[in-house]
Amino acid sequence: MSTTVNERELENRVKEIYRDVADEPDEEFHFEMGRGLAERLGYSPTELDRIPQEAVDSFAGVGYHVDLADLTEGDRVLDLGSGSGTDAFVAALRVGDGGHVIGLDMTDEQLAKSRRLRDEAGVPNVSFEKGYIEELPFEDGTIDAVLSNGVINLSAKKERVFEEVSRVLVPGGRLAISDIISERQMPERIKGDADLWAACIGGAMQIDDYTDVIEMPGFADVEVRENPQYEFVSERAQGACQAYGVKSISLRARNR
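Thresholds, definitions, all that
Residues numbered from 1 in each chain as written. Predicted model: local features only at pLDDT ≥ 70, side-chain atom pairs only at ≥ 80, totals over all residues. Heavy atoms only, no water. Buried < 20%, exposed > 50% of the residue type's maximum accessible area, 1.4 Å probe, protein only. Helix = DSSP H or I, 4+ residues; strand = E, 2+ residues; numbered from the N terminus. Arc of directions from axis to C-beta. Axes fitted to C-alpha atoms, helices over the stretch in contact; angles between N-to-C directions. Parallel < 35°, antiparallel > 145°, perpendicular 65-115°, else oblique. Left-handed = near helix turned anticlockwise from the far one by under 90°. Contact = heavy atoms within 4.5 Å. Nonpolar A, V, L, I, M, F, W, Y, C, P; charged D, E, K, R; others polar. Core = buried A, V, L, I, M, F, W, Y, C linked by side-chain atoms within 4.5 Å. Salt bridge = Lys/Arg side-chain N within 4 Å of Asp/Glu carboxyl O.

Student: Explain helix 10 (residues 207-215) to me, and be specific about the residues and the numbers.
Tutor: Restricting attention to buried positions, one finds in helix 10 the residues Tyr210, Thr211, Val213 and Ile214. Down the axis of helix 10, the buried side of the element spans an arc of 155 degrees, and every buried residue falls inside it.

Student: Provide a residue-level description of the packing of helix 7 (residues 158-168) against helix 10, including the pertinent values.
Tutor: Helices that pack against each other are described as a pair by the angle of their axes relative to one another and the distance between those axes. Contact pair helix 7 / helix 10: the axes reach a minimum separation of 8 Å and the direction vectors enclose 40 degrees. By the angle between their axes, helix 7 is oblique relative to helix 10. Here helix 7 runs over helix 10; the crossing is right-handed. On the side of helix 7, the interface is formed by Lys158, Glu159 and Phe162, while helix 10 contributes Tyr210, Val213 and Ile214. Class assignment of the residues belonging to the contact of helix 7 with helix 10 gives a composition of 4 nonpolar, no polar and 2 charged.

Student: How would you summarise the nonpolar core if you had to cite specific residues and measurements?
Tutor: What tends to happen in soluble globular proteins is that the nonpolar side chains get buried as a cluster. Ranked by internal contacts, the top residues of the largest apolar core, which has 59 residues, are Phe31 and Phe232. The dominant element in this core, judged by the number of residues it contributes, is helix 5 (residues 86-95), at 6 residues. Among residues more than four places away in sequence, those in contact with phenylalanine 31 are Ile17, Tyr18, Val21, Ala60, Tyr230, Phe232 and Val233.

Student: Talk me through the pattern of salt bridges; I want residue IDs and the actual numbers.
Tutor: It is possible for side chains of opposite charge to pair when their charged atoms get near one another. What the rule picks out here adds up to 24 salt bridges. We note a salt bridge from glutamate 163 to arginine 160, for which the minimum N-O separation is 3.8 Å. With glutamate 163 and arginine 160 both in helix 7 and 3 residues apart, the pair spans about one turn of that helix. Measuring nitrogen to oxygen at the nearest pair gives 2.8 Å for the salt bridge that ties lysine 247 to glutamate 183. In this pair, lysine 247 sits in strand 8 (residues 247-255) while glutamate 183 sits in the loop between strand 5 (169-182) and helix 8 (188-191), placing the two residues 64 residues apart along the sequence. On the basis of relative accessible area, glutamate 183 is assigned to the partly exposed category, the value being 42%. Salt bridges sharing partners connect three or more residues here, namely Asp140, Arg160, Glu163, Glu164 and Arg167.

Given below as structure tokens:
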């Protein structure tokens, strides 16, 4: 996928925004945050009650997909762009003491927060590591399921992301994600805007292109469901959504 966005500028802007999400969750962003959003998207109130509430306060996901991952006791799970840890902590409830969840994030403030919350809550089957979703620091075929929530659209190298996910997954491993896509091609003035990329809009691919990119490294059985309950909140973001059909989806696929 070709892109005109400056990748270094994009990385810096993403880190800046999600540093603020970690440290100042009550500030205004292009997107909604918190428990009300999580419950509306489909997260179980019972499970949310069992994980650190500060993580839920900083939840900035775009959909619900943990059900699509079919997690079972003992699974080894990787959460790409784990933020303050909501999805990682929920997954940890499902894989039990015999499983393990790894949250991967590039933002120091998010990692510091998620690690603190893990330690305070005493959750031994979760770890949080620093890294990039385009260069996963894990060996081939070591992960049973990969999760991600509103993160892959932030990457300017989506093909590389899915190649890496396929590499680390076991044969038959599951990919379950929520992300932002568009119905229509966006103009270069939006695709080249680092601020709109960081707001989960500028990097949104058209849905057919998105599923094609997933299938190229070897994923099969791709299933997509829309999340109409998700909406952007800023006027600028809403304008782009209306003009180009930007919306949230959840998706699952199987690694061949």
